[in-house]
Amino acid sequence: MGVFYVTTPIYYPNAPPHIGHAYTTVYADVLARYHRLLGDETFYLTGTDEHGLKLQRVAERAGKNPKELVDEMALVYKRYWAQLDISYDRFIRTTDPDHEELVRWALREMRSRGYIYKGRYSGWYCVDCEKFYSEGEYVVVEGKPHCPIHRKPLEWVEEETYYFKLSVFEQHLRKTIPERVYPDYYAREVLGKLDKEGLRDISISRPRSRVWWGIPIPWDPEHTTYVWFDALLNYLTGAGLLSDRGRFERLWSNVHHVIGKDILWFHTVIWFSMLEALDISPPRRVIVHGFLINRGLKMGKSAGNVIAIEDLVERYQGSDGARYVLMRVFNPGKDVDISFELFDSIYNSDLADNLGNLVRRVSTLALRKLGGLVEASGVDGRIERAVERALEEYASHMESFDVSNAIQSVMAALREANAYINETRPWEKARPSEELYSLLEAIRAAANALQVVIPRAAARTAAALGFELDRPDRGLDSQRVYKVRESPILFKKVRG
Ligand code: MSP
(Lines give C-alpha, C1' and ligand atoms only; values in the text may rest on other atoms or scores of the structure.)
Protein backbone atom coordinates (compact mmCIF):
# COMPACT_ATOMS: atom_id res chain seq x y z
CA MET A 1 0.00 0.00 0.00
CA GLY A 2 1.24 3.41 -0.86
CA VAL A 3 0.59 6.89 0.38
CA PHE A 4 -1.09 9.68 -1.54
CA TYR A 5 -1.33 13.27 -0.37
CA VAL A 6 -3.17 15.69 -2.65
CA THR A 7 -3.85 19.41 -2.22
CA THR A 8 -5.75 22.16 -4.03
CA PRO A 9 -4.76 25.81 -3.88
CA ILE A 10 -6.44 27.42 -0.89
CA TYR A 11 -8.93 29.87 -2.33
CA TYR A 12 -9.41 33.56 -1.51
CA PRO A 13 -12.76 33.70 0.24
CA ASN A 14 -13.52 37.23 -0.95
CA ALA A 15 -16.22 35.75 -3.20
CA PRO A 16 -17.93 32.37 -3.42
CA PRO A 17 -16.28 29.71 -5.60
CA HIS A 18 -17.33 29.30 -9.23
CA ILE A 19 -16.87 26.42 -11.62
CA GLY A 20 -13.22 27.45 -12.25
CA HIS A 21 -12.47 26.63 -8.60
CA ALA A 22 -14.67 23.55 -8.84
CA TYR A 23 -12.59 22.41 -11.83
CA THR A 24 -9.48 22.13 -9.61
CA THR A 25 -11.32 20.86 -6.54
CA VAL A 26 -13.29 18.09 -8.30
CA TYR A 27 -10.15 16.99 -10.12
CA ALA A 28 -8.17 16.64 -6.89
CA ASP A 29 -11.18 14.83 -5.43
CA VAL A 30 -11.13 12.30 -8.26
CA LEU A 31 -7.43 11.61 -7.66
CA ALA A 32 -8.06 11.23 -3.92
CA ARG A 33 -10.98 8.85 -4.43
CA TYR A 34 -8.95 6.78 -6.87
CA HIS A 35 -6.08 6.34 -4.43
CA ARG A 36 -8.41 5.60 -1.51
CA LEU A 37 -10.00 2.82 -3.54
CA LEU A 38 -6.58 1.39 -4.32
CA GLY A 39 -6.00 1.18 -0.59
CA ASP A 40 -3.39 3.94 -0.34
CA GLU A 41 -3.19 6.00 2.83
CA THR A 42 -4.80 9.08 1.29
CA PHE A 43 -5.03 12.63 2.56
CA TYR A 44 -6.90 15.33 0.64
CA LEU A 45 -6.39 18.94 1.75
CA THR A 46 -8.30 22.01 0.56
CA GLY A 47 -9.28 25.26 2.27
CA THR A 48 -9.27 29.04 2.25
CA ASP A 49 -6.52 31.68 2.09
CA GLU A 50 -7.86 34.25 4.51
CA HIS A 51 -5.26 36.95 5.21
CA GLY A 52 -3.95 39.92 3.28
CA LEU A 53 -4.88 43.28 1.85
CA LYS A 54 -7.54 41.94 -0.53
CA LEU A 55 -9.59 40.40 2.29
CA GLN A 56 -8.93 43.39 4.55
CA ARG A 57 -10.39 45.73 1.92
CA VAL A 58 -13.38 43.57 1.04
CA ALA A 59 -14.22 43.41 4.76
CA GLU A 60 -13.78 47.18 5.17
CA ARG A 61 -16.10 47.81 2.26
CA ALA A 62 -18.69 45.45 3.72
CA GLY A 63 -18.33 47.17 7.12
CA LYS A 64 -17.19 43.94 8.74
CA ASN A 65 -14.27 42.65 10.69
CA PRO A 66 -12.20 40.44 8.34
CA LYS A 67 -12.48 37.50 10.73
CA GLU A 68 -16.26 37.77 10.68
CA LEU A 69 -16.21 37.84 6.89
CA VAL A 70 -13.89 34.85 6.47
CA ASP A 71 -15.83 32.83 9.04
CA GLU A 72 -18.96 33.30 6.94
CA MET A 73 -17.19 32.63 3.69
CA ALA A 74 -15.44 29.47 4.88
CA LEU A 75 -18.91 28.06 5.53
CA VAL A 76 -20.00 29.09 2.04
CA TYR A 77 -17.04 27.18 0.56
CA LYS A 78 -17.81 24.11 2.65
CA ARG A 79 -21.42 24.22 1.48
CA TYR A 80 -20.39 24.31 -2.16
CA TRP A 81 -17.93 21.48 -1.71
CA ALA A 82 -20.61 19.41 0.02
CA GLN A 83 -22.90 20.06 -2.95
CA LEU A 84 -20.21 18.62 -5.21
CA ASP A 85 -19.44 15.63 -2.95
CA ILE A 86 -15.87 16.75 -2.34
CA SER A 87 -14.30 14.19 -0.01
CA TYR A 88 -11.59 16.35 1.57
CA ASP A 89 -9.97 15.10 4.77
CA ARG A 90 -9.27 18.55 6.12
CA PHE A 91 -10.54 21.99 5.25
CA ILE A 92 -7.67 24.22 6.28
CA ARG A 93 -8.04 27.92 7.00
CA THR A 94 -4.99 30.15 7.29
CA THR A 95 -6.56 31.60 10.45
CA ASP A 96 -6.48 28.15 12.10
CA PRO A 97 -4.27 28.34 15.22
CA ASP A 98 -2.05 25.42 14.20
CA HIS A 99 -1.37 27.11 10.87
CA GLU A 100 -0.52 30.47 12.42
CA GLU A 101 1.86 28.67 14.74
CA LEU A 102 3.50 26.88 11.85
CA VAL A 103 4.01 30.17 9.97
CA ARG A 104 5.73 31.70 13.01
CA TRP A 105 7.89 28.61 13.36
CA ALA A 106 8.86 28.70 9.66
CA LEU A 107 9.77 32.40 9.80
CA ARG A 108 11.98 31.94 12.86
CA GLU A 109 13.58 28.87 11.36
CA MET A 110 14.43 30.62 8.08
CA ARG A 111 15.72 33.67 9.91
CA SER A 112 17.98 31.58 12.13
CA ARG A 113 19.42 29.97 9.02
CA GLY A 114 20.17 33.39 7.55
CA TYR A 115 17.54 33.46 4.79
CA ILE A 116 15.61 36.50 6.04
CA TYR A 117 16.92 40.10 6.30
CA LYS A 118 15.44 43.59 6.57
CA GLY A 119 15.46 46.18 3.80
CA ARG A 120 13.36 48.71 1.89
CA TYR A 121 11.00 48.05 -0.94
CA SER A 122 9.27 50.08 -3.60
CA GLY A 123 7.24 48.95 -6.56
CA TRP A 124 3.92 48.72 -8.37
CA TYR A 125 1.41 46.48 -6.60
CA CYS A 126 -1.82 44.78 -7.70
CA VAL A 127 -4.10 44.10 -4.75
CA ASP A 128 -6.24 41.63 -6.70
CA CYS A 129 -3.17 39.51 -7.47
CA GLU A 130 -1.48 40.36 -4.13
CA LYS A 131 1.67 40.79 -6.17
CA PHE A 132 4.25 43.36 -7.34
CA TYR A 133 4.75 43.90 -11.07
CA SER A 134 7.97 45.15 -12.58
CA GLU A 135 8.48 47.18 -15.74
CA GLY A 136 7.88 44.96 -18.73
CA GLU A 137 5.38 42.89 -16.75
CA TYR A 138 2.73 45.54 -16.26
CA VAL A 139 0.79 47.19 -19.09
CA VAL A 140 0.64 50.94 -19.55
CA VAL A 141 -2.81 52.45 -20.06
CA GLU A 142 -3.06 56.25 -20.49
CA GLY A 143 0.49 56.58 -19.19
CA LYS A 144 -0.17 54.63 -16.00
CA PRO A 145 0.92 51.10 -15.05
CA HIS A 146 -1.95 48.61 -14.98
CA CYS A 147 -2.21 44.98 -13.92
CA PRO A 148 -1.78 42.69 -16.97
CA ILE A 149 -4.45 40.35 -15.63
CA HIS A 150 -7.04 42.59 -13.98
CA ARG A 151 -6.45 45.68 -16.15
CA LYS A 152 -6.77 47.89 -13.07
CA PRO A 153 -4.31 50.69 -12.14
CA LEU A 154 -1.44 49.44 -9.96
CA GLU A 155 -0.64 51.11 -6.63
CA TRP A 156 2.81 52.57 -5.89
CA VAL A 157 4.11 51.12 -2.64
CA GLU A 158 7.28 52.18 -0.81
CA GLU A 159 8.13 50.76 2.58
CA GLU A 160 10.37 48.83 4.98
CA THR A 161 10.16 45.12 4.55
CA TYR A 162 11.71 41.75 5.34
CA TYR A 163 13.26 39.94 2.42
CA PHE A 164 13.61 36.25 1.76
CA LYS A 165 16.87 35.28 0.00
CA LEU A 166 15.27 33.69 -3.02
CA SER A 167 18.30 34.46 -5.17
CA VAL A 168 20.49 31.82 -3.51
CA PHE A 169 18.31 28.92 -4.65
CA GLU A 170 18.79 29.09 -8.40
CA GLN A 171 20.84 25.89 -8.71
CA HIS A 172 18.43 23.99 -6.50
CA LEU A 173 15.50 25.14 -8.63
CA ARG A 174 17.15 24.19 -11.90
CA LYS A 175 17.82 20.75 -10.53
CA THR A 176 14.46 20.00 -8.91
CA ILE A 177 11.80 21.71 -11.05
CA PRO A 178 12.23 19.62 -14.24
CA GLU A 179 11.38 16.28 -12.66
CA ARG A 180 8.53 17.48 -10.49
CA VAL A 181 6.24 19.59 -12.62
CA TYR A 182 3.54 17.86 -14.65
CA PRO A 183 2.95 18.19 -17.58
CA ASP A 184 6.63 18.91 -18.21
CA TYR A 185 6.21 21.87 -20.57
CA TYR A 186 5.24 23.95 -17.54
CA ALA A 187 8.65 23.16 -16.07
CA ARG A 188 10.26 24.46 -19.25
CA GLU A 189 8.12 27.59 -19.04
CA VAL A 190 9.30 28.33 -15.50
CA LEU A 191 12.95 27.66 -16.32
CA GLY A 192 12.64 29.86 -19.40
CA LYS A 193 11.39 32.71 -17.24
CA LEU A 194 14.26 32.06 -14.83
CA ASP A 195 16.77 32.33 -17.72
CA LYS A 196 15.25 35.57 -18.89
CA GLU A 197 14.67 37.37 -15.64
CA GLY A 198 16.94 35.73 -13.09
CA LEU A 199 16.05 35.64 -9.43
CA ARG A 200 15.70 38.52 -7.03
CA ASP A 201 15.04 38.29 -3.30
CA ILE A 202 11.37 38.73 -2.47
CA SER A 203 9.58 40.86 0.07
CA ILE A 204 7.74 38.69 2.59
CA SER A 205 6.26 41.20 5.01
CA ARG A 206 4.05 44.29 5.02
CA PRO A 207 3.99 47.16 7.53
CA ARG A 208 1.15 46.57 9.94
CA SER A 209 0.00 50.17 9.44
CA ARG A 210 -0.98 49.30 5.86
CA VAL A 211 -1.85 45.60 6.10
CA TRP A 212 -2.86 44.70 9.63
CA TRP A 213 -4.86 41.60 8.64
CA GLY A 214 -2.07 39.04 8.61
CA ILE A 215 0.19 36.99 10.84
CA PRO A 216 2.62 39.29 12.74
CA ILE A 217 6.30 38.67 12.14
CA PRO A 218 7.19 36.95 15.42
CA TRP A 219 10.23 39.10 16.26
CA ASP A 220 8.83 42.37 14.86
CA PRO A 221 5.05 42.73 15.24
CA GLU A 222 5.04 46.04 13.36
CA HIS A 223 5.16 43.86 10.23
CA THR A 224 2.73 41.21 9.03
CA THR A 225 3.53 38.20 6.87
CA TYR A 226 3.00 38.48 3.12
CA VAL A 227 -0.15 36.53 2.26
CA TRP A 228 1.51 34.18 -0.27
CA PHE A 229 4.28 33.26 2.14
CA ASP A 230 1.63 32.44 4.75
CA ALA A 231 -0.60 30.58 2.25
CA LEU A 232 1.98 28.22 0.75
CA LEU A 233 2.90 26.95 4.19
CA ASN A 234 -0.63 25.54 4.58
CA TYR A 235 0.55 22.39 2.83
CA LEU A 236 2.93 21.70 5.74
CA THR A 237 0.35 22.49 8.41
CA GLY A 238 -2.15 20.18 6.72
CA ALA A 239 0.28 17.26 6.75
CA GLY A 240 0.97 17.84 10.43
CA LEU A 241 4.61 18.92 10.34
CA LEU A 242 4.53 20.26 13.91
CA SER A 243 2.00 17.85 15.35
CA ASP A 244 3.01 14.42 14.04
CA ARG A 245 6.41 14.23 12.42
CA GLY A 246 6.08 10.56 11.40
CA ARG A 247 2.82 11.11 9.59
CA PHE A 248 4.22 14.25 8.00
CA GLU A 249 7.21 12.37 6.59
CA ARG A 250 4.94 9.70 5.10
CA LEU A 251 2.51 12.13 3.49
CA TRP A 252 5.22 14.48 2.29
CA SER A 253 7.04 11.68 0.48
CA ASN A 254 4.17 11.59 -2.03
CA VAL A 255 2.56 15.03 -2.01
CA HIS A 256 0.78 16.26 -5.16
CA HIS A 257 -0.15 19.93 -5.47
CA VAL A 258 -2.92 20.55 -8.02
CA ILE A 259 -2.88 24.16 -9.27
CA GLY A 260 -4.02 26.38 -12.13
CA LYS A 261 -1.27 27.73 -14.38
CA ASP A 262 -1.75 31.26 -12.96
CA ILE A 263 0.06 30.31 -9.76
CA LEU A 264 2.84 28.18 -11.21
CA TRP A 265 5.71 30.56 -10.29
CA PHE A 266 4.60 30.67 -6.65
CA HIS A 267 4.30 26.88 -6.47
CA THR A 268 7.69 26.20 -8.01
CA VAL A 269 10.27 28.97 -7.70
CA ILE A 270 9.04 30.43 -4.42
CA TRP A 271 7.69 27.29 -2.77
CA PHE A 272 10.63 25.00 -3.62
CA SER A 273 13.01 27.66 -2.24
CA MET A 274 11.03 28.10 0.97
CA LEU A 275 11.10 24.34 1.49
CA GLU A 276 14.82 24.16 0.84
CA ALA A 277 15.33 26.96 3.37
CA LEU A 278 13.51 24.74 5.89
CA ASP A 279 15.49 21.68 4.82
CA ILE A 280 12.33 19.94 3.52
CA SER A 281 12.35 18.18 0.17
CA PRO A 282 10.39 19.72 -2.74
CA PRO A 283 6.91 18.31 -3.44
CA ARG A 284 6.78 15.04 -5.33
CA ARG A 285 4.63 16.67 -8.01
CA VAL A 286 3.02 19.92 -8.98
CA ILE A 287 0.15 19.09 -11.35
CA VAL A 288 -0.80 22.10 -13.44
CA HIS A 289 -3.90 22.77 -15.50
CA GLY A 290 -5.15 25.46 -17.88
CA PHE A 291 -8.14 27.77 -17.44
CA LEU A 292 -11.79 27.45 -18.12
CA ILE A 293 -12.52 30.33 -20.43
CA ASN A 294 -15.89 31.75 -21.32
CA ARG A 295 -16.49 34.14 -24.21
CA GLY A 296 -12.74 34.36 -24.81
CA LEU A 297 -11.65 35.38 -21.29
CA LYS A 298 -10.49 33.45 -18.22
CA MET A 299 -13.61 32.80 -16.26
CA GLY A 300 -13.49 34.89 -13.13
CA LYS A 301 -15.12 37.50 -11.00
CA SER A 302 -13.19 40.37 -12.56
CA ALA A 303 -14.14 39.35 -16.12
CA GLY A 304 -17.80 38.99 -15.10
CA ASN A 305 -18.25 35.76 -17.09
CA VAL A 306 -18.70 33.32 -14.26
CA ILE A 307 -20.83 30.18 -14.47
CA ALA A 308 -22.19 29.39 -11.02
CA ILE A 309 -21.72 25.99 -9.43
CA GLU A 310 -25.41 25.85 -8.48
CA ASP A 311 -26.42 26.36 -12.12
CA LEU A 312 -24.29 23.44 -13.21
CA VAL A 313 -25.58 21.20 -10.43
CA GLU A 314 -29.16 22.10 -11.24
CA ARG A 315 -28.87 21.67 -14.98
CA TYR A 316 -27.14 18.30 -14.74
CA GLN A 317 -29.42 17.00 -12.00
CA GLY A 318 -27.01 16.82 -9.11
CA SER A 319 -23.36 16.56 -8.26
CA ASP A 320 -22.55 13.65 -10.58
CA GLY A 321 -23.57 15.43 -13.77
CA ALA A 322 -21.69 18.58 -12.76
CA ARG A 323 -18.57 16.64 -11.77
CA TYR A 324 -18.68 14.62 -14.95
CA VAL A 325 -18.88 17.49 -17.42
CA LEU A 326 -16.03 19.31 -15.67
CA MET A 327 -13.79 16.24 -15.67
CA ARG A 328 -14.66 15.30 -19.23
CA VAL A 329 -13.30 18.64 -20.51
CA PHE A 330 -10.35 18.68 -18.08
CA ASN A 331 -7.22 19.68 -19.90
CA PRO A 332 -3.78 20.18 -18.33
CA GLY A 333 -2.26 21.90 -21.32
CA LYS A 334 -4.94 23.95 -22.98
CA ASP A 335 -7.49 26.46 -21.84
CA VAL A 336 -10.96 25.10 -22.41
CA ASP A 337 -13.65 27.27 -23.92
CA ILE A 338 -16.80 26.18 -22.18
CA SER A 339 -20.51 26.79 -22.68
CA PHE A 340 -23.76 25.12 -21.74
CA GLU A 341 -24.03 23.82 -25.31
CA LEU A 342 -20.77 21.95 -24.88
CA PHE A 343 -21.69 20.60 -21.43
CA ASP A 344 -25.18 19.59 -22.66
CA SER A 345 -23.77 17.56 -25.51
CA ILE A 346 -21.27 15.78 -23.23
CA TYR A 347 -23.91 15.08 -20.62
CA ASN A 348 -26.44 13.81 -23.14
CA SER A 349 -24.14 11.64 -25.20
CA ASP A 350 -22.01 10.11 -22.41
CA LEU A 351 -24.27 9.98 -19.38
CA ALA A 352 -27.83 9.86 -20.72
CA ASP A 353 -27.46 8.06 -24.07
CA ASN A 354 -24.49 5.83 -23.30
CA LEU A 355 -24.17 4.85 -19.62
CA GLY A 356 -27.73 5.62 -18.51
CA ASN A 357 -29.29 3.99 -21.52
CA LEU A 358 -27.18 0.84 -21.19
CA VAL A 359 -28.04 0.37 -17.51
CA ARG A 360 -31.72 0.86 -18.27
CA ARG A 361 -31.78 -1.51 -21.23
CA VAL A 362 -29.88 -4.28 -19.47
CA SER A 363 -31.88 -4.08 -16.26
CA THR A 364 -35.21 -4.02 -18.15
CA LEU A 365 -34.21 -7.08 -20.19
CA ALA A 366 -32.92 -8.93 -17.13
CA LEU A 367 -36.20 -8.33 -15.30
CA ARG A 368 -38.38 -9.18 -18.28
CA LYS A 369 -36.52 -12.21 -19.63
CA LEU A 370 -34.97 -13.75 -16.50
CA GLY A 371 -37.07 -12.41 -13.65
CA GLY A 372 -34.02 -10.39 -12.58
CA LEU A 373 -31.85 -13.45 -11.81
CA VAL A 374 -28.77 -13.57 -14.03
CA GLU A 375 -26.47 -16.43 -13.16
CA ALA A 376 -22.76 -17.00 -13.59
CA SER A 377 -21.64 -17.48 -17.15
CA GLY A 378 -18.66 -16.82 -19.37
CA VAL A 379 -18.25 -13.29 -20.66
CA ASP A 380 -18.61 -12.91 -24.43
CA GLY A 381 -15.19 -12.42 -26.04
CA ARG A 382 -16.13 -9.16 -27.68
CA ILE A 383 -17.23 -7.60 -24.38
CA GLU A 384 -14.25 -9.08 -22.60
CA ARG A 385 -11.82 -7.49 -25.01
CA ALA A 386 -13.54 -4.11 -24.91
CA VAL A 387 -13.67 -4.02 -21.11
CA GLU A 388 -10.16 -5.26 -20.54
CA ARG A 389 -8.75 -2.76 -22.94
CA ALA A 390 -10.77 0.04 -21.31
CA LEU A 391 -9.56 -0.88 -17.83
CA GLU A 392 -5.96 -1.00 -18.94
CA GLU A 393 -6.20 2.38 -20.60
CA TYR A 394 -8.11 3.79 -17.65
CA ALA A 395 -5.40 2.70 -15.19
CA SER A 396 -2.59 4.07 -17.28
CA HIS A 397 -4.37 7.41 -17.80
CA MET A 398 -5.15 7.68 -14.09
CA GLU A 399 -1.54 6.99 -13.23
CA SER A 400 -0.57 9.92 -15.42
CA PHE A 401 -3.33 12.10 -13.89
CA ASP A 402 -5.24 12.21 -17.16
CA VAL A 403 -8.78 11.94 -15.82
CA SER A 404 -10.54 13.01 -19.01
CA ASN A 405 -8.97 10.27 -21.12
CA ALA A 406 -9.47 7.73 -18.34
CA ILE A 407 -13.22 8.28 -18.38
CA GLN A 408 -13.34 8.38 -22.16
CA SER A 409 -11.74 4.91 -22.27
CA VAL A 410 -14.57 3.59 -20.12
CA MET A 411 -17.16 5.33 -22.26
CA ALA A 412 -15.74 3.59 -25.33
CA ALA A 413 -16.34 0.18 -23.74
CA LEU A 414 -19.89 1.17 -22.85
CA ARG A 415 -20.54 2.23 -26.44
CA GLU A 416 -19.31 -1.16 -27.53
CA ALA A 417 -21.71 -2.78 -25.06
CA ASN A 418 -24.63 -0.79 -26.48
CA ALA A 419 -23.63 -1.86 -29.99
CA TYR A 420 -23.45 -5.48 -28.79
CA ILE A 421 -27.10 -5.31 -27.65
CA ASN A 422 -28.19 -3.87 -30.98
CA GLU A 423 -26.44 -6.63 -32.87
CA THR A 424 -27.16 -9.68 -30.68
CA ARG A 425 -30.82 -8.65 -30.17
CA PRO A 426 -31.29 -10.35 -26.77
CA TRP A 427 -34.97 -9.27 -26.68
CA GLU A 428 -35.67 -11.82 -29.41
CA LYS A 429 -34.24 -14.70 -27.35
CA ALA A 430 -36.09 -16.70 -24.73
CA ARG A 431 -33.22 -16.77 -22.18
CA PRO A 432 -30.37 -14.44 -23.22
CA SER A 433 -28.34 -15.36 -20.13
CA GLU A 434 -24.88 -15.12 -21.57
CA GLU A 435 -25.57 -11.80 -23.25
CA LEU A 436 -27.05 -10.27 -20.11
CA TYR A 437 -24.32 -11.65 -17.88
CA SER A 438 -21.68 -10.17 -20.18
CA LEU A 439 -23.44 -6.83 -20.21
CA LEU A 440 -23.82 -6.75 -16.44
CA GLU A 441 -20.12 -7.44 -16.07
CA ALA A 442 -19.35 -4.57 -18.43
CA ILE A 443 -21.57 -2.26 -16.38
CA ARG A 444 -20.00 -3.42 -13.11
CA ALA A 445 -16.48 -2.78 -14.39
CA ALA A 446 -17.54 0.66 -15.66
CA ALA A 447 -19.23 1.56 -12.36
CA ASN A 448 -16.08 0.54 -10.45
CA ALA A 449 -13.96 2.75 -12.66
CA LEU A 450 -16.35 5.71 -12.92
CA GLN A 451 -17.25 5.88 -9.22
CA VAL A 452 -14.37 8.30 -8.67
CA VAL A 453 -16.15 10.81 -10.90
CA ILE A 454 -19.84 9.91 -10.45
CA PRO A 455 -20.02 8.27 -7.01
CA ARG A 456 -23.78 8.57 -6.61
CA ALA A 457 -24.73 7.08 -9.98
CA ALA A 458 -22.23 4.25 -9.46
CA ALA A 459 -23.78 3.43 -6.08
CA ARG A 460 -27.32 3.57 -7.48
CA THR A 461 -26.33 1.29 -10.34
CA ALA A 462 -24.76 -1.21 -7.96
CA ALA A 463 -27.86 -1.19 -5.74
CA ALA A 464 -30.28 -1.61 -8.65
CA LEU A 465 -28.34 -4.39 -10.36
CA GLY A 466 -27.32 -6.20 -7.21
CA PHE A 467 -23.55 -5.94 -6.88
CA GLU A 468 -21.06 -4.27 -4.56
CA LEU A 469 -18.72 -1.61 -5.83
CA ASP A 470 -15.11 -2.70 -5.89
CA ARG A 471 -11.66 -1.33 -6.68
CA PRO A 472 -11.51 0.38 -10.08
CA ASP A 473 -8.85 -2.00 -11.34
CA ARG A 474 -10.72 -5.27 -10.75
CA GLY A 475 -11.36 -7.07 -13.99
CA LEU A 476 -14.16 -9.35 -15.12
CA ASP A 477 -15.60 -12.24 -13.20
CA SER A 478 -17.54 -15.30 -14.36
CA GLN A 479 -18.66 -16.50 -10.92
CA ARG A 480 -21.32 -14.01 -9.92
CA VAL A 481 -25.04 -14.11 -9.59
CA TYR A 482 -26.88 -10.89 -10.30
CA LYS A 483 -30.23 -10.14 -8.72
CA VAL A 484 -31.51 -7.20 -10.65
CA ARG A 485 -34.05 -5.19 -8.67
CA GLU A 486 -35.10 -2.21 -10.77
CA SER A 487 -34.43 -0.40 -14.02
CA PRO A 488 -33.22 3.00 -12.89
CA ILE A 489 -33.13 6.17 -14.94
CA LEU A 490 -29.74 7.48 -13.91
CA PHE A 491 -29.55 10.58 -16.10
CA LYS A 492 -32.46 12.34 -17.76
CA LYS A 493 -31.58 13.93 -21.04
CA VAL A 494 -31.19 17.72 -21.03
CA ARG A 495 -32.81 19.75 -23.82
CA GLY A 496 -31.31 23.01 -25.00
N1 MSP B 1 -5.12 32.03 -2.71
C2 MSP B 1 -4.36 31.77 -3.89
C3 MSP B 1 -3.77 30.37 -3.86
C4 MSP B 1 -2.89 30.06 -2.71
S5 MSP B 1 -2.34 28.41 -2.72
C6 MSP B 1 -1.16 28.34 -1.55
C7 MSP B 1 -5.27 31.89 -5.11
N8 MSP B 1 -6.58 31.76 -4.90
S9 MSP B 1 -7.74 31.89 -5.99
O10 MSP B 1 -8.98 31.93 -5.26
O11 MSP B 1 -7.46 32.98 -6.87
O12 MSP B 1 -7.76 30.52 -6.76
C13 MSP B 1 -6.85 30.22 -7.73
C14 MSP B 1 -7.09 28.84 -8.33
O15 MSP B 1 -8.47 28.63 -8.68
C16 MSP B 1 -6.37 28.69 -9.65
O17 MSP B 1 -5.02 28.36 -9.49
C18 MSP B 1 -7.15 27.58 -10.29
O19 MSP B 1 -6.73 26.36 -9.72
C20 MSP B 1 -8.57 27.89 -9.87
N21 MSP B 1 -9.27 28.71 -10.89
C22 MSP B 1 -9.83 29.95 -10.70
N23 MSP B 1 -10.40 30.36 -11.88
C24 MSP B 1 -10.22 29.40 -12.82
C25 MSP B 1 -10.58 29.24 -14.17
N26 MSP B 1 -11.28 30.15 -14.82
N27 MSP B 1 -10.22 28.09 -14.79
C28 MSP B 1 -9.52 27.10 -14.14
N29 MSP B 1 -9.15 27.23 -12.88
C30 MSP B 1 -9.46 28.37 -12.19
O31 MSP B 1 -4.75 32.08 -6.18
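Here's a quick rundown of the structure. The numbers attached to residues start from 1 for each chain and follow its sequence in the written order. At least 70 in pLDDT is required for a residue's local features to be given in this predicted model, at least 80 for side-chain atom pairs to be given and counted, and no such filter applies to totals for whole chains, interfaces and linings, which use all residues. The basis for every side-chain value is the complete set of heavy atoms in the structure, and neither hydrogens nor water enter the calculation.

**Let's talk about helix α3 (residues 66-83)**
For α3, which comprises 18 residues, the first-to-last C-alpha distance of 26 Å matches the rise-based estimate of 26 Å (1.5 Å per residue) to within 8%. For the exposure calls, accessible area comes from a 1.4 Å probe over protein chains only, and a residue counts as buried if that area is under 20% of its type's maximum, exposed if over 50%, partly exposed in between. Per the convention used, a helix needs a DSSP run of H or I reaching at least four residues, while a strand needs a run of E reaching at least two, with both numbered from the N terminus. Among the residues making up α3, those that are buried are Pro-66, Leu-69, Val-70, Met-73, Ala-74, Val-76, Tyr-77, Tyr-80 and Trp-81. Projected onto a plane normal to the axis of α3, the buried residues spread over an arc of 165° and lie on a single side. Along α3, exposed side chains directed more than 90 degrees from the buried face belong to Leu-75, Arg-79 and Ala-82. A contact between two residues is defined here by any heavy atoms of the two lying within 4.5 Å. Where the residues of α3 are buried, they touch α1 (19-37), β2 (41-48), α2 (53-61), β3 (90-93) and α11 (309-315). Polar contact is the term for a pair of N or O atoms within 3.5 Å; when the atoms are in protein, one must be able to donate a hydrogen and the other to accept it, and sequence-neighboring residues count only if both atoms are side-chain atoms. The residue sitting at the N-terminus of α3 and contributing the capping side-chain oxygen is Asn-65; that oxygen lies 2.8 Å from the backbone nitrogen of Lys-67. Directly beyond the C-terminal end of α3, a positive phi value near 55° is found at Asp-85. Expected helix span is given by 1.5 Å per residue-to-residue step, counting one fewer step than there are residues. Arc, as used here, means the arc of the directions from the helix axis to the C-beta atoms.

**Regarding helix α6 (residues 184-197)**
Between the first and last C-alpha of α6 there are 20 Å, a value that for 14 residues agrees with the 20 Å anticipated at 1.5 Å per step. Among all positions in α6, only Tyr-186, Ala-187, Val-190, Leu-191 and Leu-194 are buried. Down the axis of α6, the smallest arc covering the buried residues is 135°, so these residues share one side. Exposed positions of α6 whose direction lies more than 90 degrees from the buried face are Arg-188, Asp-195 and Lys-196. Turning to α6, the residues buried within the fold contact α5 (170-180), β9 (181-182), α10 (264-277) and β15 (285-289). Looking one or two residues beyond α6, the residue adopting positive phi is Gly-198, at roughly 70°.

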